[in-house]
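Listed here are the chains, written in short residue letters.
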Amino acid sequence: MTKTAAERNMVTPEIETSTPEPAGSSWSAAVGQGGGVLRSVHIGALPLEAGGVLPSVTMAFESWGTLNAAGDNGVLIQHALTGSTHVSRGDSEEDGWWEGLVGPGAVIDTDKYFVVCANIVGGCYGTTGPSSIAGDGRPYGSRFPFVTIRDSVHAEARLADALGVSSWHAVIGGSMGGARALEWAATYPGRVQRCAVVASCAASTAEQIAFAQAQVLAIRQDPNFAGGDYYDGAAPISGLGLARRIAHITYRSETEMESRFGRKAQDDGGTISHGRLGTDAVGRYQIESYLDHQAHKLAGRFDANSYIAITEALMSHDVTRGRGTLEQALAVTGGVEFLVAAVNSDRLYFPAQSEALAAALPGDVDVARIDSGIGHDGFLTEVAAVGRLLQESFFTP
């Protein structure tokens, strides 16, 4: 009998419970421990959708709570583009990116559920990525292969096998995490009981790809990029910072930026200055300083090659690839309960895309709205609103 792509990717993983070593650079060190420790699992060689294999893959993850005997009380939370495994503070001293949503007595109650957040393939927070050491003892760098959202979901399925998860009570994600959650439901519908797709879509659009391409080129054109093999020298932090600036503009709404910054100057000197045509920071607007701040923060914690690899994976996102129309691709999810939610001010993943996804799903699926003027990042900042939606749908007390 011919095996499906999903079945070919379901192999017995090699389990490793030690804490992963940082991948040879300050920006690839995992942040926070949460629910105990950051752990890793070796899943072997991963066949790739584009062809070939990625050998000796390690998946890094954090977990909270305890898996039940049936292996069906797990909740998989999928991080966004530059997110980490650190969803919740847990035992650490650092708040998680969805702090307050996961924990004892929280909406996703770790006294009831076994919560997992894994770093995506190609990442730099413990999972095998471009900064990881290849078999020859050197970082992959430019040799790291093209990976897709679907590849990462296959890797996560092996992680689930290693952890003993038979089916997920829920798979939840926002933005790129929503793409991974949707791909889970379409690829392994028998292992997903519920699926939450927040501020995401069925396939990346031309505009989303255009924004992403500008970010990738910003990094590649940095003089320090060295074709991706920069680990022995200076990192391309200027290009990575520019990529972050481009991205962050799409993450926030025009209304939010106008009300917060407007045309205000960063200092008393004003913005009408010949110094603006020079290289020194003279006569700056507050919004410029804000974008610089966002750029510097990311450049201090993220690997530029991983940014490219994961951005390319998100550009590749298309749940219909090889599956027919959107309705045909999603027909297999008839047994999955869905929550589709959109941020009303999102100008990166428009609410209309959530509407199109919901309309194509089997059954009658409504689109919930997160009321936020902040833009796309509302799925991260409006934690209470996200929590209410999840509690009403998947986690009734």
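Structure first, text after, so check above.
Bear in mind that the values here come from a model prediction, so they are computed numbers and not experimental data. (Residues numbered from 1 in each chain as written. Predicted model: local features only at pLDDT ≥ 70, side-chain atom pairs only at ≥ 80, totals over all residues. Heavy atoms only, no water.)

Asks: Help me understand the overall build of the protein chain, please; the structure alone is not making it clear to me.
Replies: Of the regular secondary structure elements, the protein chain holds 12 helices and 10 strands. The C-alpha radius of gyration computed for the protein chain amounts to 21 Å, which stays within 12% of the reference 21 Å derived for 397 residues, consistent with globular compactness. The principal-axis extent of the C-alpha atoms belonging to the protein chain is close to 70 × 50 × 45 Å. Taking the contacts inside the protein chain whose residues are at least 6 apart along the sequence as the reference set, 73% of them involve residues at least 24 apart. In the form shown here, the protein chain has an accessible surface area of approximately 16,300 Å², with 52% of it arising from carbon and sulfur atoms. (Helix = DSSP H or I, 4+ residues; strand = E, 2+ residues; numbered from the N terminus. Rg over C-alpha atoms; globule rule 2.2 N^0.38 Å. Contact = heavy atoms within 4.5 Å. Areas by Shrake-Rupley, 256 points an atom, 1.4 Å probe, with all protein chains shown as cover.)

Asks: Would you take a moment to explain the packing of aromatic side chains for this structure?
Replies: By convention here, two paired aromatic rings are described through the distance between centres and the angle between planes. One pass over the full model with this rule turns up 11 aromatic pairs. Taken together, a centroid distance of 6.2 Å and an interplanar angle of 90° make the contact between Trp168 and Trp184 edge-to-face. Note that Trp168 is positioned in strand S7 (residues 168–174) and Trp184 in helix H3 (residues 176–187), a separation of 16 residues in sequence. Judged by its relative accessible area of 2%, Trp168 falls in the buried class. Classification of Trp184 by relative accessible area gives buried; the value is 0%. (Phe/Tyr/Trp six-rings, centres within 6.5 Å; stacked < 30°, edge-to-face > 60°. Buried < 20%, exposed > 50% of the residue type's maximum accessible area, 1.4 Å probe, protein only.)

Asks: Help me understand the nonpolar core, please; the structure alone is not making it clear to me.
Replies: The tendency in soluble globular proteins is for nonpolar side chains to be buried as a group. Core analysis: the biggest nonpolar cluster contains 50 residues, and Trp184 and Phe338 have the highest contact counts within it. With 6 residues, helix H2 (residues 149–163) is the single largest residue contributor to this core. One finds Val102, Ala199, Val383 and Phe395 within the second-largest nonpolar core, a separate group that totals 32 residues. (Core = buried A, V, L, I, M, F, W, Y, C linked by side-chain atoms within 4.5 Å.)

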